[in-house]
Protein chains: 2
Amino acid sequence: MAEDNVVYVGTKPTMNYVLAVTTQFTNNPKEVVIKARGRAISRAVDVAEIVRRRFNTDAKVKDIKISTEDLKTEEGGTIKVSSIEITLEK
Amino acid sequence: MAEDNVVYVGTKPTMNYVLAVTTQFTNNPKEVVIKARGRAISRAVDVAEIVRRRFNTDAKVKDIKISTEDLKTEEGGTIKVSSIEITLEK
(Lines give C-alpha, C1' and ligand atoms only; values in the text may rest on other atoms or scores of the structure.)
Protein backbone atom coordinates (compact mmCIF):
# COMPACT_ATOMS: atom_id res chain seq x y z
CA MET A 1 0.00 0.00 0.00
CA ALA A 2 1.10 3.52 -0.71
CA GLU A 3 1.98 5.65 2.29
CA ASP A 4 -0.82 7.96 3.31
CA ASN A 5 0.82 11.26 2.62
CA VAL A 6 2.54 10.38 -0.67
CA VAL A 7 1.20 11.11 -4.16
CA TYR A 8 2.89 9.27 -7.04
CA VAL A 9 2.75 11.28 -10.26
CA GLY A 10 2.55 9.25 -13.47
CA THR A 11 1.02 9.73 -16.91
CA LYS A 12 -2.51 10.86 -16.00
CA PRO A 13 -3.62 14.49 -16.46
CA THR A 14 -1.86 16.91 -14.11
CA MET A 15 -5.10 18.01 -12.41
CA ASN A 16 -5.78 14.44 -11.21
CA TYR A 17 -2.64 14.65 -9.10
CA VAL A 18 -3.37 18.22 -7.98
CA LEU A 19 -6.71 16.95 -6.65
CA ALA A 20 -4.97 14.01 -4.94
CA VAL A 21 -2.54 16.36 -3.17
CA THR A 22 -5.23 18.80 -2.03
CA THR A 23 -7.29 15.85 -0.76
CA GLN A 24 -4.28 14.62 1.22
CA PHE A 25 -3.89 18.07 2.75
CA THR A 26 -7.51 17.87 3.91
CA ASN A 27 -6.80 14.59 5.75
CA ASN A 28 -3.26 15.15 6.91
CA PRO A 29 -2.60 18.85 7.14
CA LYS A 30 1.09 18.77 7.96
CA GLU A 31 2.88 17.65 4.80
CA VAL A 32 2.43 15.82 1.50
CA VAL A 33 5.22 14.24 -0.57
CA ILE A 34 4.95 14.27 -4.37
CA LYS A 35 7.06 11.57 -6.06
CA ALA A 36 7.78 10.91 -9.73
CA ARG A 37 10.27 9.17 -12.01
CA GLY A 38 11.58 9.79 -15.51
CA ARG A 39 9.48 11.98 -17.74
CA ALA A 40 6.79 12.40 -15.08
CA ILE A 41 9.23 14.60 -13.13
CA SER A 42 8.16 17.69 -15.09
CA ARG A 43 4.53 16.94 -14.29
CA ALA A 44 5.37 16.54 -10.57
CA VAL A 45 6.84 20.06 -10.55
CA ASP A 46 3.68 21.35 -12.27
CA VAL A 47 1.55 19.63 -9.61
CA ALA A 48 3.54 21.18 -6.75
CA GLU A 49 3.39 24.64 -8.33
CA ILE A 50 -0.35 24.50 -9.07
CA VAL A 51 -1.17 23.26 -5.55
CA ARG A 52 1.01 25.89 -3.94
CA ARG A 53 -0.21 28.80 -6.05
CA ARG A 54 -3.89 28.02 -6.53
CA PHE A 55 -5.30 25.50 -4.07
CA ASN A 56 -3.26 25.45 -0.87
CA THR A 57 -1.68 28.87 -0.94
CA ASP A 58 -0.52 28.42 2.65
CA ALA A 59 1.58 25.39 1.60
CA LYS A 60 5.25 25.82 0.83
CA VAL A 61 8.06 23.71 -0.54
CA LYS A 62 9.86 22.20 2.44
CA ASP A 63 12.36 20.03 0.57
CA ILE A 64 13.19 18.70 -2.89
CA LYS A 65 15.35 15.61 -3.38
CA ILE A 66 16.56 14.07 -6.61
CA SER A 67 18.05 10.60 -6.98
CA THR A 68 18.62 7.72 -9.36
CA GLU A 69 16.73 4.43 -9.14
CA ASP A 70 17.55 1.09 -10.73
CA LEU A 71 14.59 -0.37 -12.59
CA LYS A 72 14.54 -4.03 -13.65
CA THR A 73 13.84 -4.59 -17.34
CA GLU A 74 11.88 -7.56 -18.66
CA GLU A 75 15.13 -9.00 -20.05
CA GLY A 76 16.58 -9.16 -16.53
CA GLY A 77 18.88 -6.15 -16.86
CA THR A 78 18.58 -2.84 -15.05
CA ILE A 79 18.20 0.70 -16.29
CA LYS A 80 18.80 3.84 -14.30
CA VAL A 81 16.03 6.40 -14.04
CA SER A 82 16.01 9.76 -12.28
CA SER A 83 13.44 10.46 -9.60
CA ILE A 84 12.22 13.43 -7.60
CA GLU A 85 10.55 13.89 -4.20
CA ILE A 86 8.93 17.23 -3.49
CA THR A 87 7.73 17.75 0.09
CA LEU A 88 5.04 20.40 0.55
CA GLU A 89 4.19 21.53 4.07
CA LYS A 90 1.59 23.80 5.58
CA MET B 1 24.70 36.75 -22.43
CA ALA B 2 24.20 33.70 -20.29
CA GLU B 3 25.78 33.80 -16.87
CA ASP B 4 29.04 31.91 -16.73
CA ASN B 5 28.06 29.19 -14.32
CA VAL B 6 24.55 28.48 -15.61
CA VAL B 7 23.58 25.70 -18.02
CA TYR B 8 20.12 26.00 -19.62
CA VAL B 9 18.68 22.59 -20.45
CA GLY B 10 16.41 22.41 -23.50
CA THR B 11 15.55 19.82 -26.13
CA LYS B 12 19.03 18.65 -27.17
CA PRO B 13 20.37 15.23 -26.15
CA THR B 14 21.00 14.92 -22.42
CA MET B 15 24.73 14.27 -22.84
CA ASN B 16 25.23 17.66 -24.52
CA TYR B 17 24.20 19.32 -21.27
CA VAL B 18 26.21 16.88 -19.15
CA LEU B 19 29.28 17.91 -21.14
CA ALA B 20 28.40 21.60 -20.69
CA VAL B 21 28.15 21.18 -16.91
CA THR B 22 31.41 19.25 -16.59
CA THR B 23 33.12 21.90 -18.74
CA GLN B 24 31.79 24.62 -16.43
CA PHE B 25 33.18 22.76 -13.44
CA THR B 26 36.60 22.77 -15.11
CA ASN B 27 36.50 26.58 -15.41
CA ASN B 28 34.64 27.52 -12.27
CA PRO B 29 35.07 24.76 -9.73
CA LYS B 30 32.75 26.07 -7.03
CA GLU B 31 29.22 25.63 -8.33
CA VAL B 32 27.13 25.23 -11.48
CA VAL B 33 23.40 25.99 -11.80
CA ILE B 34 21.28 23.83 -14.11
CA LYS B 35 18.06 25.55 -15.24
CA ALA B 36 15.10 24.24 -17.23
CA ARG B 37 11.44 24.95 -17.93
CA GLY B 38 8.44 22.82 -18.80
CA ARG B 39 9.12 19.36 -20.16
CA ALA B 40 12.89 19.91 -20.09
CA ILE B 41 12.71 19.72 -16.27
CA SER B 42 12.98 15.91 -16.37
CA ARG B 43 16.07 16.18 -18.55
CA ALA B 44 17.63 18.70 -16.15
CA VAL B 45 17.28 16.18 -13.31
CA ASP B 46 18.89 13.51 -15.53
CA VAL B 47 21.77 15.91 -16.27
CA ALA B 48 22.36 16.63 -12.57
CA GLU B 49 22.24 12.94 -11.68
CA ILE B 50 24.58 11.85 -14.48
CA VAL B 51 27.11 14.59 -13.66
CA ARG B 52 27.01 13.81 -9.96
CA ARG B 53 27.25 10.04 -10.33
CA ARG B 54 29.60 9.63 -13.29
CA PHE B 55 31.64 12.71 -14.14
CA ASN B 56 32.05 14.93 -11.07
CA THR B 57 31.53 12.46 -8.29
CA ASP B 58 32.78 15.03 -5.76
CA ALA B 59 29.89 17.35 -6.72
CA LYS B 60 26.73 17.36 -4.67
CA VAL B 61 23.30 18.94 -4.88
CA LYS B 62 23.46 22.17 -2.90
CA ASP B 63 19.95 23.43 -3.60
CA ILE B 64 16.90 22.82 -5.78
CA LYS B 65 14.30 25.52 -6.41
CA ILE B 66 11.05 25.28 -8.34
CA SER B 67 8.96 28.20 -9.51
CA THR B 68 6.44 29.36 -12.10
CA GLU B 69 7.31 31.74 -14.92
CA ASP B 70 4.98 33.77 -17.13
CA LEU B 71 5.75 33.31 -20.81
CA LYS B 72 4.33 35.68 -23.43
CA THR B 73 2.48 34.00 -26.26
CA GLU B 74 2.52 35.27 -29.85
CA GLU B 75 -1.10 36.37 -29.42
CA GLY B 76 -0.06 38.72 -26.60
CA GLY B 77 -1.37 36.58 -23.74
CA THR B 78 0.69 34.81 -21.09
CA ILE B 79 0.97 31.18 -20.11
CA LYS B 80 2.42 29.84 -16.90
CA VAL B 81 5.24 27.32 -17.07
CA SER B 82 7.06 25.56 -14.25
CA SER B 83 10.81 25.89 -13.93
CA ILE B 84 13.60 24.31 -11.92
CA GLU B 85 17.05 25.44 -10.78
CA ILE B 86 19.44 22.77 -9.54
CA THR B 87 22.67 24.05 -7.96
CA LEU B 88 25.55 21.56 -7.93
CA GLU B 89 28.60 22.39 -5.82
CA LYS B 90 32.00 20.82 -5.33
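Residues numbered from 1 in each chain as written. Chains lettered and ligands numbered in written order. Predicted model: local features only at pLDDT ≥ 70, side-chain atom pairs only at ≥ 80, totals over all residues. Heavy atoms only, no water.

Some details on the side chain of A:Asn5
Reasoning step 1: Inspection of the secondary structure assignment puts A:Asn5 in the segment before strand S1 (6–9).
Reasoning step 2: Those residues in contact with A:Asn5 that sit more than four places away from it in its chain are A:Gln24, A:Asn28, A:Glu31, A:Val32 and A:Val33. (Helix = DSSP H or I, 4+ residues; strand = E, 2+ residues; numbered from the N terminus. Contact = heavy atoms within 4.5 Å.)

A look at the interface of chain B and chain A
Reasoning step 1: Chain B puts 22 residues into the contact, and the matching count from chain A is 22 residues.
Reasoning step 2: Across the chain B/chain A interface, buried area totals approximately 1,500 Å², and carbon plus sulfur atoms make up 60% of it.
Reasoning step 3: Of all residues in chain B, B:Ser42, B:Ile64 and B:Ile66 bury the most surface against chain A, accounting for 36% of the area lost on that side.
Reasoning step 4: For the pair chain B and chain A, the number of links is zero salt bridges.
Reasoning step 5: Sorting the residues of the side of chain B that touches chain A by element identifies helix H2 (40–55), strand S3 (60–72) and strand S4 (78–89) of chain B as the ones contributing at least two each.
Reasoning step 6: No other element matches H2(B), which puts nine residues into the side of chain B that touches chain A.
Reasoning step 7: Looking at side-chain class alone, the side of chain B that touches chain A contains nine nonpolar, six polar and seven charged residues. (Buried area = accessible area lost by both parts, 1.4 Å probe. Salt bridge = Lys/Arg side-chain N within 4 Å of Asp/Glu carboxyl O. Nonpolar A, V, L, I, M, F, W, Y, C, P; charged D, E, K, R; others polar.)

With respect to the sheet that holds strand S2 (residues 31–37) of chain B
All names here are of chain B.
Reasoning step 1: Overall, mixed pairing links the four strands, which are arranged S1-S2-S4-S3 in an open sheet. Each having just a single partner strand, strand S1 (6–8) and S3 make up the two edges of the open sheet. Here the strands of the sheet are splayed against their neighbours by 20° on average, with no regard to which way each runs.
Reasoning step 2: Two strands pair when backbone bridges link them, and S3 and S4 are joined in this way by 12 bridges, in the antiparallel orientation. When the bridges of S4 are listed, valine 61 appears paired with leucine 88. (Pairing = 2+ DSSP bridges. Axes fitted to C-alpha atoms, helices over the stretch in contact; angles between N-to-C directions.)

With respect to the pattern of salt bridges
All names here are of chain A.
Reasoning step 1: Tallied over the full model, the rule gives 16 salt bridges over all chains.
Reasoning step 2: Note that glutamate 31 is salt-bridged to lysine 62, the shortest N-O span being 2.9 Å. Placement of glutamate 31 in strand S2 (residues 31–37) and of lysine 62 in strand S3 (residues 60–72) is noted, with a sequence separation of 31 residues between them.
Reasoning step 3: In this structure glutamate 31 comes out as buried when scored by relative accessible area, which is 18%.
Reasoning step 4: What makes lysine 62 partly exposed here is its relative accessible area of 47%.
Reasoning step 5: Between glutamate 69 and arginine 37 there is a salt bridge, with its nearest N and O atoms 2.8 Å apart. Taken together, the residues span a long stretch of sequence, with glutamate 69 in strand S3 and arginine 37 in strand S2 at a distance of 32 residues.
Reasoning step 6: Since its relative accessible area comes to 43%, arginine 37 is described here as partly exposed. (Buried < 20%, exposed > 50% of the residue type's maximum accessible area, 1.4 Å probe, protein only.)

Quick word on the confidence of the model for chain A
Reasoning step 1: For chain A, the average pLDDT comes to 93, and 97% of its residues sit at 70 or higher.
Reasoning step 2: Predicted as a complex, the structure gets a pTM of 0.91 and an ipTM equal to 0.89. (pLDDT = per-residue confidence, 0-100.)

Observations concerning the side chain of B:Thr87
All names here are of chain B.
Reasoning step 1: Position of threonine 87 relative to the elements: it lies in strand S4.
Reasoning step 2: For threonine 87, a relative accessible area of 8% puts it in the buried group.
Reasoning step 3: Each residue touching threonine 87, except ones within four places of it in the same chain, is listed here: Glu31, Val32, Val33, Lys60, Val61, Lys62 and Asp63.

Some details on the relation of the copies chain B and chain A
Reasoning step 1: Overlay of chain B on chain A (RMSD 0.0 Å): rotation 180°, translation along the axis 0.0 Å. In symmetry terms, the pair is related by a two-fold rotation axis. Looking at the rotation axis and the C-alpha trace of chain B, the residue lying nearest is B:Ser42, at 2.7 Å.
Reasoning step 2: Looking at the interface residues of chain B, 100% of them are also at the interface in chain A, so both copies use one shared face. (Least-squares fit on C-alpha atoms with pLDDT ≥ 70 in both.)

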